[in-house]
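Listed here are the chains, written in short residue letters.
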Amino acid sequence: MSKEITVVAIVEAKPGCEAQVEAAIAACVPPSRAESTNFSYVAHRDGANPARFVFVERWASREALAEHEKTPHFQAMARSFATLLAKPLEVMILDPID
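Reading the values: the criteria
- Residues numbered from 1 in each chain as written.
- Predicted model: local features only at pLDDT ≥ 70, side-chain atom pairs only at ≥ 80, totals over all residues.
- Heavy atoms only, no water.
- Core = buried A, V, L, I, M, F, W, Y, C linked by side-chain atoms within 4.5 Å.
- Buried < 20%, exposed > 50% of the residue type's maximum accessible area, 1.4 Å probe, protein only.
- Helix = DSSP H or I, 4+ residues; strand = E, 2+ residues; numbered from the N terminus.
- Contact = heavy atoms within 4.5 Å.

Visitor: What exactly am I supposed to notice about the nonpolar core here?
Guide: For soluble globular proteins, the rule of thumb is that nonpolar side chains tend to be buried together. In terms of nonpolar packing, the biggest core is built from 24 residues, with Val11, Val21, Ile25, Phe55, Met77 and Phe81 touching the most fellow members. Within the residue set of this core, elements represented by two or more residues are strand E1 (5-12), helix H1 (18-34), strand E3 (52-59), helix H2 (62-68) and helix H3 (72-84). Here this core takes 5 residues from H1, the largest share from any one element. Residue contacts for Val11: discarding those within four places in its chain leaves Val21, Ile25, Ala51, Arg52, Phe53, Phe55, Phe81, Leu85 and Leu89.

Structural data, given as structure tokens:
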């Protein structure tokens with residue numbers, strides 16, 4: 001397996017859909033944290049833009065992230081996002097500088 005990675009993901013809800021996006025995120029957080037290859041999974045709401053949510057995650061590897069994206073809880077959140085987001089999900093996969 002490859003090195004540990006950090007993921008920063010940003011989603012922006014359509015106007016009026018903020019509560020639904022927050023609920024979809026809230027349902028995904030606990031099972032994501034329970035995955036054995038997850039070291040940290042924190043979802044934030046942007047204080048300057050309440051429609052924007054930012055995830056900061058740490059995974060054991062890129063392969064671990066790929067497996068996470070196949071889980072039922074992630075897939076349910078992704079399905080919800082399909083109709084609730086104002087623009088596509090923005091994802092940065094960050095490799096540590098050693």
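Visitor: It is not clear to me how the side chain of His68 should be interpreted in this structure. Could you clarify?
Guide: Here His68 is to be found in helix H2. We classify His68 as buried; its relative accessible area is 1%. If near-sequence neighbours (up to four positions away) are discounted, His68 is found in contact with Ser32, Glu35, Tyr41, Trp59, His73 and Phe74.

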